[in-house]
Amino acid sequence: MATFEETKAAFDKAMKDNNDRYLAWNGLGYFLSLTLSEIESAQEHPEKRTEWMEKARLDFESAQKERKNLPAEAQTVNQAMQSVATVLRQEFSAAAFETASKDLMAMNHDKDKLGELEHDLVGFEQGLARKDKALAEGLLALAKVQFNLLSESARTLATPLLGLAERLLAAI
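First, a word on scope: everything that follows refers to the structure included in this document. Owing to the predicted nature of the structure, the values given are computational and were not obtained by experimental measurement.

Counting its regular elements, the chain contains 6 helices and 0 strands. What you see in the chain, going N to C, is helices and strands ordered as α-α-α-α-α-α. A compact globule built from 172 residues would reach a C-alpha radius of gyration of about 16 Å, whereas the chain, at 20 Å, exceeds it by more than 25%. With respect to the three principal axes, the spread of C-alpha positions in the chain is 65 × 25 × 20 Å. Expressed as a percentage of its 172 residues, the buried residues of the chain come to 43%.

Another point: the packing of helix H1 (residues 4-44) against helix H4 (residues 94-129). Two elements in contact, H1 and H4, have axes separated by 9 Å at closest approach and are oriented at 155 degrees. Here H1 is positioned roughly antiparallel relative to H4, judged by the angle of their axes. Read as a crossing pair, H1 and H4 show a hand that is left-handed.

Here the focus is the nonpolar core. Ranked by size, the top nonpolar core spans 50 residues in total, and within it Phe-11, Trp-25, Leu-32, Leu-117, Leu-121 and Phe-124 carry the most contacts. Other than its neighbours up to four places away in sequence, Phe-11 contacts Leu-121, Phe-124, Glu-125, Leu-161, Leu-164, Ala-165 and Leu-168.

This part covers helix H5 (residues 133-148). The terminal C-alpha atoms of H5 lie 22 Å apart, and with 16 residues this matches the ideal 22 Å at 1.5 Å per residue to within 8%. Taken together, the buried positions of H5 are Ala-136, Leu-139, Leu-140, Ala-143, Gln-146 and Phe-147. The buried side chains of H5 occupy one side of the element, clustering within an arc of 110 degrees when seen end-on. Exposed residues on H5 whose side chains face more than 90 degrees from its buried face are Ala-134 and Asn-148. Residues of H5 that are buried in the fold lie against H4 and helix H6 (152-170). N-capping of H5 is provided by Asp-132, with a side-chain oxygen placed 3.3 Å from the backbone N of Ala-134.

A separate point is unusual backbone geometry. One non-glycine residue, Lys-131, lies in positive phi territory at about 60 degrees. Inspection of the secondary structure puts Lys-131 in the loop between H4 and H5. Since its relative accessible area comes to 59%, Lys-131 is described here as exposed.

Definitions and limits used
- Residues numbered from 1 in each chain as written.
- Predicted model: local features only at pLDDT ≥ 70, side-chain atom pairs only at ≥ 80, totals over all residues.
- Heavy atoms only, no water.
- Helix = DSSP H or I, 4+ residues; strand = E, 2+ residues; numbered from the N terminus.
- Rg over C-alpha atoms; globule rule 2.2 N^0.38 Å.
- Buried < 20%, exposed > 50% of the residue type's maximum accessible area, 1.4 Å probe, protein only.
- Axes fitted to C-alpha atoms, helices over the stretch in contact; angles between N-to-C directions.
- Parallel < 35°, antiparallel > 145°, perpendicular 65-115°, else oblique.
- Left-handed = near helix turned anticlockwise from the far one by under 90°.
- Core = buried A, V, L, I, M, F, W, Y, C linked by side-chain atoms within 4.5 Å.
- Contact = heavy atoms within 4.5 Å.
- Expected span 1.5 Å × (residues − 1).
- Arc of directions from axis to C-beta.
- Polar contact = N/O pair within 3.5 Å; in protein donor to acceptor, adjacent residues only side chain to side chain.

Right, dumping it as structure tokens:
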């Protein structure tokens, strides 16, 4: 059985990993948003279509590089990437564009909820440091609400973090 200090160290590492994942998700979402925006601009301004599509392809390549910073379990992101790639290949299929937009919105939702989950867990950690069990319990409950709002793939990424938090709370 791990000691409180060992569990705390594991929790701290998991928090750092979660923050790194959030930042990577944010960077990826930024480039995917740019890509979709440029495709939309190309639809609205056919005379500049070549220029906007080239920008979209370059930003999509940047998004593909950013994706390498995320764990393989992040299938939501993979779906968003595939949808945008389909739009680029089909050059403005309305149905493909709508799917890509929905996938990107789902990915951004996960990014926001991961950020809120992390915020609640930082507060949880402060409650632990003060040995304030009621505060820690309340913030862990808020974190669980954010966790339940995540997609299945994002939940897979955050599960170890919540497990460590529960073990820490039990040790107070």
